[in-house]
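In case you want the letters, here they are:
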Amino acid sequence: SGTLYLSQANTYSGDSNIFEGVLVLSNAGSAGSGNFFSSQPLSTTITPQLTIQGPSIFNRNVTVAGVGSNGFVINAEQDTQISGFFVGGINDKLILTTNSTKTMTLGANSPGFVGIMQLNTGNISIDTESRLGDPTQVNLNGVTLTGNVSSISKKLNVLSSSTILTGNTVIS
């Protein structure tokens with residue numbers, strides 16, 4: 001566990017597996033060209049984290065496998081578009097969080113994510129709910145969620161004060 005900072009563009013082309021600690025990318029160019037994975041035993045108490053510091057387009061796929069209820073955190077400190085997709089099993093948790101004044105926009109369908117999606121603080125924007133995958137539950141924790149969430153509305157669980165801006169969608 002610890003923190004690894006990558007601040008310069010690089011030509012790294014392998015996949016990255018984050019077991020413990022925090023990987024901080026100062027911009028999307030410092031991610032290289034591989035995909036990101038987090039896989040660990042279900043009994044661990046570690047919550048690995050990927051932090052994106054600069055405003056950017058993050059076009060890597062993220063797979064969480066075996067992270068369990070502790071989850072894997074993707075934290076965007078600036079406006080960030082994530083154009084890669086998410087994959088995770090029914091017992092896995094993916095936590096998306098942003099700076100309270102910034103927006104994380106999800107741009108890829110994630111049909112392979114079927115775990116718990118937790119949206120923490122800041123603003124999360126989706127143009128279609130398939131950006132969240134087919135989660136068993138969507139936890140809202142002090143977040144503003146913008147987009148169409150009609151078919152997952154029964155999966156929403158509000159942990160703390162949150163706002164849903166849905167256009168013409170009716171939440172029942």
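Below, the structure is looked at part by part.

This part takes up the nonpolar core. Counting residues in hydrophobic clusters, the biggest one holds 33 residues, and the most contacted among them are Ile74, Phe86, Leu96 and Leu119. No other element matches strand E8 (residues 72–76), which puts 3 residues into this core. Ignoring anything within four residues of it in the chain, the contact list for Leu119 reads Leu96, Ile124, Leu132, Val138, Asn139, Leu140, Asn141, Val143 and Leu145.

A few words now on the sheet that holds strand E15 (residues 137–141). Strand-to-strand pairing in sheets goes through backbone hydrogen bonds, with the strands running parallel or antiparallel. Taken together, 8 strands build an open sheet; the order of strands is E1-E3-E5-E8-E11-E13-E15-E17 and the sheet is parallel. Where the open sheet ends on each side, the last strands, each with one partner, are strand E1 (3–6) and strand E17 (156–160). Here the strands of the sheet are splayed against their neighbours by 15° on average, with no regard to which way each runs. Across 5 bridges, strand E13 (residues 116–120) lies against E15 in parallel orientation. Among the inter-strand pairings, Gln118 is bridged to a residue of E15, identified as Asn139.

The phi dihedral of Thr121 is positive, around 40°, even though this residue is not glycine. Checked against the element boundaries, Thr121 lands in the loop between E13 and strand E14 (123–126).

The 6 strands lie next to each other as E6-E9-E12-E14-E16-E18, forming an open sheet whose pairing is parallel. Each having just a single partner strand, strand E6 (56–58) and strand E18 (163–165) make up the two edges of the open sheet. Looking at each pair of strands side by side, their axes are set apart by 20° on average, direction ignored. Bridging between strand E16 (residues 144–146) and E18 involves 3 bridges; their strand directions are parallel. Bridged to Leu145 within E18 is Ile164.

A separate point is the layout of surface pockets. A water-sized probe, rolled over the atoms, reveals where empty space remains. Volume-wise, the largest pocket comes out at about 200 Å³. Leu4, Leu6, Ser16, Leu23 and Phe36 are the residues nearest the centre of the largest pocket, which is lined by 17 residues in total. Secondary-structure elements contributing two or more residues to the lining of the largest pocket are E1, strand E2 (16–17) and strand E3 (22–25). Per-element accounting of the lining of the largest pocket gives the leading share, 3 residues, to E3. Class assignment for the residues of the lining of the largest pocket results in 9 nonpolar, 7 polar and 1 charged.

Rules and cut-offs
Residues numbered from 1 in each chain as written. Predicted model: local features only at pLDDT ≥ 70, side-chain atom pairs only at ≥ 80, totals over all residues. Heavy atoms only, no water. Core = buried A, V, L, I, M, F, W, Y, C linked by side-chain atoms within 4.5 Å. Buried < 20%, exposed > 50% of the residue type's maximum accessible area, 1.4 Å probe, protein only. Helix = DSSP H or I, 4+ residues; strand = E, 2+ residues; numbered from the N terminus. Contact = heavy atoms within 4.5 Å. Pairing = 2+ DSSP bridges. Axes fitted to C-alpha atoms, helices over the stretch in contact; angles between N-to-C directions. 1 Å grid on protein atoms, 1.4 Å probe; cavity = no way out; pocket = protein on both sides within 12 Å on 5 of 7 lines; lining within 4 Å. Points joined across faces, edges and corners; volume = space filled by probe spheres on them. Nonpolar A, V, L, I, M, F, W, Y, C, P; charged D, E, K, R; others polar.

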